Structures are given as structure tokens and as C-alpha cells.
Amino acid sequence: MARGILPDQGPIGVFIHHNTLHALQHLPFHEAVAEGAHLTGARPYLSLDEFRSAWARGRITAPDLDDALARFVGERGAEPAALGFTRLALWRMILLHDPEQAEPVGTAYLLSLAGETDRWAACLEVAARLAGGAPSAASPVIERHQIALQALGHGGTDALVHRELIRLTSGFLDRGQALVSMPGRDQGFLAAVAALYAAAPTSPRGAPGLGDDFAVLHRDGQSARQVVEMCLAALGVGAEDAEPFVRSTLLALPGWAGMFSRLEAHPEEGMPGIPYRLEDFLAVRLVIERRAVAAAARELGVSPGLDALRALVRPSLPEGNTLAARLHALTAGWSMERITALEPGELEALVRELESFSMLARRRVWQEAYEGWYRRQVLDALAARRTLGPRPRPARPEAQFVFCIDEREESIRRAIEEQGPGLETFGGAGFFGVAIDFRGLYDAEPAAHCPVVVVPDHEVHEAPLYTAEGWDAARRRMREGWHAVHRVAHRRSRTLVGGAVLSFAMGPAAAAMALARVAFPRASLGAFNRWRHRLLPRPATRLAAVRASGESRSDRGKWLGFTLDEAADRVAGTLRNIGLTTNFAPIVVVLGHGSTSLNNPHESAHDCGACGGRRGGANARLFAEMANRPAIREAVAARGIVIPADTWFVGALHDTADDGVHYFDVDVLPRESYLPFGRADLVLQRARELSAQERCRRFAHAPLGITPSEALAHVESRASSLGQPRPEYGHCTNAAAIVGRRELSRGVHLDRRAFLISYDPSIDPEAVILERVLAAVGPVGAGISLEYYFSSVDNEVYGCGTKLPHNVTGLVGIMNGHHSDLRTGLPLQMVELHEPVRLLLIVEATPEALLTVAGRQAEVRELVVNEWVQLVSVDPVTGEMHHFRDGGFVPYAPGNTPIPSVGRSVEWHGQSRDYVSPALTLAAITEETAVHA
């Protein structure tokens, strides 16, 4: 259990979103968040005050709250409860008025200012009647020595232990940032630490004898298991206390412990040849802790055993009676006489109801209501869109654009579609069905570009197109020489003399460059890129996509490229998954995505999760290259998909930070494709400006009403600014995922909140494609949604706090300042706009088809049945909707409230910095309002 509850975040350079409480995913969602709160001390939901604020501003409405409360109370809602109310009515009052933390002294002071002292006095009198004796004392839960020592007035041992442990773990896990590598890492953490101390057996203050302990361990070569057992015995931890003690001990420094656990399970993410073992980390910690606890116990004159320390801790009395404050809140509008007339039986009944409707239960009901409002808004908008019927379609699409499912692409797809009925967009997992280890032109090693659960069998390299003149080799030598100079300068700058010399020699130039990157980020970056391109122009390249020999393998034993049949399977499979099997346009642009910004340690968290936290341009380029090959097209045609001879695929990369688009291999574009590609490019250039304009309304530095071209310049500047803590907000708006034909949601303004996954149920009678799609995008979308959820509800425990004091350490993660736990999760600047709701997963399929898929896919079943996502079925024929809850599908009837409609998206969101509810954008639906760029 200790291993399961630890953070499972990998090295920050390859940040993959995942369910923070994945170890508890076998439990229903509400049980899991409660258990997670118990184990980690985190908040499971937003606070009552935050929910009530949402209620006050209309984000939660009465129907949403009443529905959620009625479901929670059930048949007991009509029973009499207290104060003359039914349980449903009383619990509604409690939700709206009972304070989260009732403080009698503060309440009395505020009421004296408001002139309500008489009613407050009456509440105090009534509460006093119920005080029949002194409150009972409660004993604190003591799972480890630190808690007992603090209760006894000692500062505890964590400060000393963590100071020593962080220094050691950061050195051991270093991925190349340190000037000198920690010796002995290939032997494991325990052996390396023991060897260090054995070489110079000194002990830190507060832990005398520690150096000698490690020297003995080094001499005797004891295993980590033996060391742990020895330390548990010395600390007086019995067998019945061992599991909670170990769990609590590891959770005292969860970031570093979690990194050991992650790298042990995924050694490919660590440094080659280094064994990562969580048991080693625990052993080293306990060796230090044993000495620190012994020293602290000597200071107090007590035994260091856990049971002995527990026996010395006195039970603590609960805080003063807060019933008066709670009663005052619940009886708003009552007279003093009515309050004082309350009988003891009524008060006892009220106390029972307050206790039975716990704070956790109340926040759960608020959470359901919070999610219910958004669910109703989206489903009603989709129902309204269906009433408008299908859009007019030309005989052949003018251009088609295939994006990743990422919700950040929703706005640019909408901007494309509003430019004409002949423009179509699709969404698929951003690795586009080609799971590869990719090595770019100047990459030292290949890296996996695929979902993390997939291990690629194939390796694809980028190679220069022309090598006869040796320019590529010369450029490579120049790059290596520059890097060598940079490394030497970096090392010398850390020395006394070298640092002084370099400061005098390079300081003014470095200061000028830093100033330019802050004051003129876009212009300075552009100038630097132009200078670099002129000095070291990048050669034209191609991907080694298809192998001629069946035995062609890389140095790592993987196939170099794909065979013709393998490539055809992947092209046909991806096209079938997204429903693009007929009526191809002359140009199909396939866009992977990534994010490039200057000041962002979490940059890879904004890249493509389907590509393993890397940029998806290589996958898009590879897919387009394979789909253009005549031999592969013939093989794809044999698989039932005929791609016209005049259709050309173009791979591209969309940068979600600066909204830039970079095309690949346009130099091989056929002459007959020049004009269609030029038109598609104009559409895409206009769409990226409109997308940037929509994004800018969430940035305080960008004025409302900014023009599209100004908005594009603004986001380019943000991405290249050294002083910008929010180059982009990433997935912070995610709330829904829609799986189905684009007609289901085309023309619905979803405010960049929905993953859009293309799927055509009309070509999938057996739900085979649906199973593939949900198995791929369900866990990915849920992982993103849930990481944002937990980092939002408790950013200090589940997230990593504000990024302002963050420092990258060892290229493995971030710390606050120079010394802290490894901070995991998302920074505050990535979640401050986020609404923590479970993913609303809307699928164009019958309930029966969805249950069939869930029965065949264990992880999908777990997410759905345990309600980690909100699943809604939309019948492909009738459009009827069913919501999965409480173990089955229940019909959903759209409301009667009209859905707003506008001509274009900017008319709906243009003057608001807040979330906007769904609306219909007619330009994407009707030909009359669509105008080409």
C-alpha cells in the first residue's frame, strides 16, 4: 500500500499525466478520494466555502443541488428530522448555511458589529442546555516517532533526516546536471551511501554515530531488507505497526520516495545501469532516522521505542462547543423567542443530523451538483445542435485536418470549420497509430513516441537528404564543439577563479541577452533563431519510414522502419479509427502538437500525452509519409480504404504555446497539390490567429477586443519570454471528451474544454473500433482530467505549489528553492483557472455497445463502473441520451432552456475572461454564414 499511494510521476523531462490516486482506482471515486485524504492528509474536494461561492455566482443552480442531494439522501429524505423539517429540507439548509469551521468567538464579534447579539445570546442559551458534561478526550493517531516527539514538545527528527536524505537522493538520481556523478551508483542507493560514509565516517549534528553505522553496513554488505528489519527492531516498531509505520515514513517525503518507486517500475526512464530500489531508499532513511530518534529521546530522557513514546502522549481535549455558531447559521431569519423555545429533544435530533451529514458527505453532494451543472449545459447544447440537422456538404471536401484529441485543439478546429462547409476536421490519438522510438537528426538516443503503456517494436531515424558534400558532418562537428565549449564554461564558472573571469568577460553580454529576453522576448528570440539558421542551417531531411530488408535492426535490437504491410496496417487502422474512409479531400493535413516555451520546467506536461510526453510532429510526419507512398496506398486499398490519387497528406506540428504551425516535407508536394495546399494553408493561418485571439481572453496582460493578428503576436511573445510564468495554461480547461462523428458537436462552442475524438459508429457494428478508441483515449483523457482535479483541490499536497520558487534538480524534478521534497503534480499557475470536475465522457454509441466494451476492457470498466468518469451514451440513430450512474444507465431528458446561438465564436466569448457556457455557432453549420478566410 505504501508503494501504491506514492506519487507515480516520472522524470520531469517526460511528464505524463496520470490519475494521482491510481492505486485506489479499484474503489468507487468518492470512496477513493476519502481514502486518499485519510492517507495523505489532502483535501478530497473543494471547500464548502468554494462551493458556496460557486452557488452564489450561479455556477451551481437549485436544480443541480436538489438533484444531487436527493440522490444522496434517497428514500430517507421525506422522514422528519429536526427543527420541524424533513431530512431533505434540513440537509439542504445545512449545505447552504452550516459553517465549515464554526468559531464561537469570531461569530460573536461579527454579530456584535451587525447588531444581532440578542439572537446570538439565544443560540448560546439553547446550546448550553445540551452541554451535559465535559467533552471526552481524544488520543492522536501516532504511526511514527515524529508525531509523538512533536506532541511531547520536541521539534521532531524530520528536519534533520530530510536535510541529509535530500542531499543524498538528489545526487543519486541526478541525470546529468551535477558536475560530478555520485560514485558507486551502479551498486544501488544503499551501497552507494554506505560507501560514501565509509570513506569519511562523519555524522551530522543530531545523529551521532551515523557515519559508523554506514561504515559497518559497507563492511558487512547487508541487504536493504536486513537493514530495514534491523532498524524497525531498534525503533521499537512491532509487526502490527510495521505497515502503517512504513507507509507514514515514506509519505513524509513522498516526492523522492515516489521517484524511486517510479524508476524501479520503469527503469527505462532512468539512467542506464543504475538500479533504482524503493527498499534502498527506505533502508537509508531508517538508518538516519534511528540515530536521530535515539538522540531526541535522550534529550527528553525517555525510551526511543514507538510504544514507549505513545504511552507518554496525553489525549487532547476537543475545541470548545461550536453548536451555538452552527445553530445561528441554520436559524437565519428566526426570532429569538422561536430559538429559545427549542426543546432538548429537537436539539439532540439536530446534533444527530449534523453528525450523520458529515463534512465529507456535504462536500461530496456539492461536487455532484458542481458537475451536474456542466453536464446539463453540454448535453442540452448537443441536443439543440441535433435539431438543426446535418450541415450542407459539397460534393468533395476542400481540405481536411487531422488533429490530436487534445482539448486545446478544439478552438482551432472550430475556427477552421467556421470558414466554410468544405473544411473538415478530425481528432485521433496524437501518435497517429505509429508507435515508434524516434531519433531526430541530432538526438543522442531514440525516444519513445507513443502512449506510455506501449513498448515500440520499431525505430525510425531522421537522416539528412544530401550528404555528398559533407555539410551535415561539418555541422555536427560544429555543434559538438559548441557544446564542448559550453560544458567547459559551465564547469569553470563554478570555480573561484573561473567564475570571476567569466563574470567579468561574459557578464555584460549575458545581462544584455537576459534583458532582451524579458523586455523584447519575441524580437530577441526571432533574431537569435535567424542568426543560428544562418550560421548553422539545418539540412533537408527525410524519415527512414519503410525498410526494404526484413532483418534491418537498430543497435538496440528494434526494427528500423516498417515493412509495407506493417505501414499499411497502421495507415488503414488510423483512418478507420477516425472515420475517414471515403470522400477524401485533395489535401489532408495531419497535425501533431507540442509546446515550446522558454521559462517552464513543466514544458513536457504541455506536450502530447499520446506521444509519451513528447512532441507529436515526428508521428504526424511519419504517418503522412507512409500514406503518400503508392505501394502503401495499394495495400491500404486492399484493406478496404481507397485513397484517391490526387489526395496528398502533409505532416505538420502545431505549437500550442505560440500557435505556430510547422509543415514537413512540403518540398516533395506534387505540382497538382500546390493550389489546394495553398488554400488549406490560408485557412490554417487564419484559424491559428482566431485560436490565439480566443486564448488571449484568459491572459490578464492581453486586452479584451484584441485583434487576431495582435493576439498571435501576444502568444508568440509569451512563449519566448524569460519572465513569463504562464506561457500557456495547458489542459486547465479540460472537462469533457466527446467520442463520435464530428456532426455530433460541430457548431457547438465548447470553450476549449472538450477532447474531440473522431469515431464513426456506422462502420462499426461490432464495436471493435470503439473498443480500440476507448481503450486508448479513455485512460489518457481520464488521467489528464484527474491529475488536474487533484492538483486543483489541494495544490500543496497533490500539486507542487506556486512555480516561482521552483528549481530544477538533477534534471529529474523540481524542488522549492535549493532544498525540499521533490514536488510532484502540477504547479498553481497551471491549475488556477481549472474547475475540478470528473471527465464528462460522451460517446456516440448505444448503452449496450458501451457495456460490451467495458466488459472487454478492464481499465475502461474500472473508470466507468467506479465513476472516475461521467459516462453518457448518445444513440447514433435516435440521439437519445443515457447517463451511467449508480451502476446502470438512466435516461437523460434535455431541458427546455433555449441554447444561445451566434454567427461566429468570437461573438460569444469575445468580451468575457470567464468560462462561457456552450452555444451554437452557425457559421460552422450553415453555408450562408460561412465565409472563407
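Residue indices begin from 1 for each chain and proceed along its sequence in written order. The model is predicted, so local features are restricted to residues of pLDDT at least 70 and side-chain atom pairs to those at 80 or more, both for listing and for counting; the totals for chains, interfaces and linings are taken over all residues. Water and hydrogen atoms play no part in the side-chain values, which are based on all heavy atoms of the structure.

1. Focus: the packing of helix α4 (residues 62-73) against helix α5 (residues 87-97)
For any two helices packed against each other, one specifies the crossing angle of their axes together with the interaxial distance.
Here's step 1: A fitted line through C-alpha atoms serves as each axis, taken over the contacting stretch for helices, and the angle formed by two N-to-C directions is quoted from 0 to 180°. A run of DSSP states H or I qualifies as a helix once it reaches four residues; a run of E qualifies as a strand once it reaches two. Both are numbered from the N-terminal end. Running from N to C, α4 and α5 cross one another at 125 degrees; their axes reach a closest spacing of 11 Å. With respect to α5, the axis of α4 lies oblique. In terms of crossing hand, the pair formed by α4 and α5 is right-handed. For the pair formed by α4 and α5, the contact residues are Ala-62, Leu-65, Asp-66, Leu-69, Ala-70, Phe-72 and Val-73 on the first element and Arg-87, Leu-88, Trp-91, Arg-92, Leu-95 and Leu-96 on the second.
Here's step 2: Residue classes in the contact of α4 with α5 are distributed as ten nonpolar, no polar and three charged. If an angle is under 35 degrees, it is roughly parallel; if it is over 145, roughly antiparallel; if it lies from 65 to 115, roughly perpendicular; otherwise it is oblique. Here is the rule for handedness: rotate from the far helix to the near one, and if that takes an anticlockwise turn smaller than a right angle the crossing is left-handed, while a clockwise turn gives right-handed. Contact between two residues is taken to exist if any of their heavy atoms lie within 4.5 Å; hydrogens are not considered. Three classes are used, and their members are as follows: Ala, Val, Leu, Ile, Met, Phe, Trp, Tyr, Cys and Pro are nonpolar, Asp, Glu, Lys and Arg are charged, and the others, Gly among them, are polar.

2. A short note on the environment of Gly-422
Here's step 1: The residue Gly-422 is located in the loop between α21 (410-417) and β4 (423-428) in this model.
Here's step 2: A C-alpha to C-alpha distance of 4.9 Å links Gly-422 and Glu-398, two positions 24 residues apart in sequence.
Here's step 3: Excluding residues that lie within four positions of it along the chain, Gly-422 makes contacts with Pro-394, Pro-397, Glu-398 and Ala-399.

3. Side note on the sheet that holds strand β21 (residues 888-892)
Here's step 1: If you trace the six strands from one edge of the open sheet to the other, you get β15-β13-β18-β19-β20-β21, paired in mixed fashion. Each having just a single partner strand, β15 (754-758) and β21 make up the two edges of the open sheet. Within the sheet, the average angular offset between the axes of one strand and its neighbour, ignoring direction, is 20 degrees.
Here's step 2: Here, a strand pair is defined by DSSP locating no fewer than two bridges between the strands. Note: strand β13 (residues 736-740) against β15, five bridges, orientation parallel. In the strand pairing of β15, Ile-738 is matched with Leu-756.

4. Some remarks on the pairing of β13
Here's step 1: Accessible area is worked out with a 1.4 Å probe on protein chains only. A residue is then buried under 20% of its type maximum, exposed over 50%, and partly exposed in between. Across the five residues that make up β13, a large majority, five, are buried.
Here's step 2: Going residue by residue along β13, you find Ala-736, Ile-738 and Gly-740 tucked away on one face and Ala-737 and Val-739 tucked away on the opposite face as well.
Here's step 3: Bridge count for β13 against strand β18 (residues 840-843) is four bridges, and the pairing is parallel. Paired with Ile-738 across the bridge in β18 is Ile-842.

5. Some remarks on the packing of aromatic side chains
Here's step 1: Stacked, edge-to-face and tilted are the three classes for Phe, Tyr and Trp ring pairs, Trp counted by its six-membered ring, which pair at centre distances within 6.5 Å; planes under 30 degrees apart are stacked, over 60 edge-to-face, the rest tilted. With the rule as written, the count across this model stands at 20 aromatic pairs.
Here's step 2: Where Phe-623 meets Phe-649, the ring centres are 6.2 Å apart and the plane angle is 75 degrees; that geometry is what we call edge-to-face. A residue pair is termed long-range when its members are at least 10 positions apart, and Phe-623 in helix α26 (residues 617-628) and Phe-649 in strand β11 (residues 648-655) qualify at 26 residues. Accessibility assignment for this pair places Phe-623 and Phe-649 in one class, buried.
Here's step 3: Here the aromatic residues Phe-29, Tyr-789, Phe-790, Tyr-798 and Trp-868 are joined through ring pairs into a cluster of three or more.
Here's step 4: When the ring centre of Tyr-915 is taken as origin, the NZ or CZ atom of Arg-698, which lies over that ring, is 4.6 Å away.
Here's step 5: Counted as over-ring charges are cases with an Arg CZ or a Lys NZ within 6 Å of the ring centre that also lie within 35 degrees of the ring normal. Over the ring of Tyr-374 we find Arg-753, and its NZ or CZ is 4.6 Å from the ring centre.

6. Here we look at helix α2 (residues 29-40)
Here's step 1: Under the 1.5 Å per step criterion, the end-to-end length of α2 is 16 Å for twelve residues, consistent within 8% with the ideal 16 Å.
Here's step 2: When α2 is considered as a whole, its buried residues turn out to be Phe-29, His-30, Ala-32, Val-33, Gly-36, Ala-37 and Leu-39.
Here's step 3: Trailing α2 by a residue or two, Gly-41 shows a phi angle of about 80 degrees, which is positive. The span one expects for a helix is its residue count, reduced by one, times 1.5 Å.

7. Observations regarding the sheet that holds strand β22 (residues 901-902)
Here's step 1: With respect to topology, three strands assemble into an open sheet ordered β14-β23-β22, the strand pairing being mixed. The open sheet terminates on both sides in strands that have one partner only, identified here as β14 (748-749) and β22.
Here's step 2: When β22 meets strand β23 (residues 919-921), the two strands line up parallel, connected through two bridges. When the sheet's bridge partners are listed, Ser-901 is paired in β23 with Leu-920.

8. Brief notes about the nonpolar core
Here's step 1: Judged by nonpolar contacts, the single largest core of 189 residues is most densely connected at Phe-214, Phe-281 and Leu-770.
Here's step 2: Contact partners of Phe-214, with chain neighbours within four places excluded, come to Leu-190, Val-193, Ala-194, Tyr-197, Val-284, Val-287 and Ile-288.
Here's step 3: Counting 33 residues, the second-largest nonpolar core is a separate cluster that includes Val-460, Leu-543, Ala-545 and Ala-572. The set of buried Ala, Val, Leu, Ile, Met, Phe, Trp, Tyr and Cys residues whose side-chain atoms join them within 4.5 Å is what this entry labels a nonpolar core.

9. A look at the pattern of salt bridges
Here's step 1: Any Lys or Arg side-chain nitrogen located within 4 Å of an Asp or Glu carboxyl oxygen qualifies as a salt bridge. Evaluated as defined, the whole model comprises 59 salt bridges.
Here's step 2: Where Asp-565 meets Arg-639, a salt bridge forms, and the shortest distance between an N and an O atom there is 3.6 Å. Pair noted here: Asp-565 is in helix α25 (residues 564-578) and Arg-639 is in the loop between α27 (630-638) and β11, with a separation of 74 residues, a long-range link.
Here's step 3: Residue Glu-835 is joined to Arg-753 by a salt bridge in which the shortest nitrogen-to-oxygen separation is 3.1 Å. Of this pair, Glu-835 sits in the loop between α31 (828-831) and β18 while Arg-753 sits in the loop between β14 and β15, placing them 82 residues apart in sequence. Considered together, Glu-835 and Arg-753 belong to a single accessibility category, that of buried residues.
Here's step 4: Through salt bridges with shared partners, a single ionic network connects Arg-71, Glu-368, Glu-371, Arg-838 and Asp-886.

10. A closer look at the side chain of Arg-697
Here's step 1: Considering the arrangement of structural elements, one finds Arg-697 in the loop between α28 (674-696) and α29 (708-719).
Here's step 2: Residues adjacent in sequence count toward polar contacts only when both atoms are side-chain atoms; beyond that, a polar contact is any pair of N or O atoms within 3.5 Å, and within protein one must be able to donate a hydrogen and the other to accept it. At 2.3 Å, the side chain of Arg-697 forms a polar contact with the side chain of Asp-751.
Here's step 3: Residues in contact with Arg-697, not counting those within four places in the same chain, are Leu-704, Asp-751, His-909, Ser-912, Arg-913, Asp-914 and Val-916.

11. Some thoughts on helix α15 (residues 278-300)
Here's step 1: Between its first and last C-alpha, α15 extends 32 Å over 23 residues, near the 33 Å set by a 1.5 Å rise per residue.
Here's step 2: By the criterion of burial, α15 is predominantly enclosed, with 17 of the 23 residues buried.
Here's step 3: Positive backbone phi, approximately 70 degrees, marks Gly-301, located one or two places after α15.

12. Brief notes about the pairing of strand β5 (residues 436-439)
Where a strand is regular, its side chains alternate between the two sheet faces.
Here's step 1: Of the pairings in the sheet, the one linking β5 to strand β6 (residues 447-449) comprises three bridges and is antiparallel in character. Following the sheet pairing, Ile-436 is matched in β6 by His-449.
Here's step 2: Relative to strand β7 (residues 458-464), β5 runs parallel, the two being bridged by four bridges. The partner of Arg-439 across the bridge, within β7, is His-461.

13. Digging into the side chain of Arg-262
Here's step 1: Inspection of the secondary structure assignment puts Arg-262 in helix α14 (residues 254-265).
Here's step 2: Arg-262 gets classed as buried once you look at its relative accessible area, which sits at 8%.

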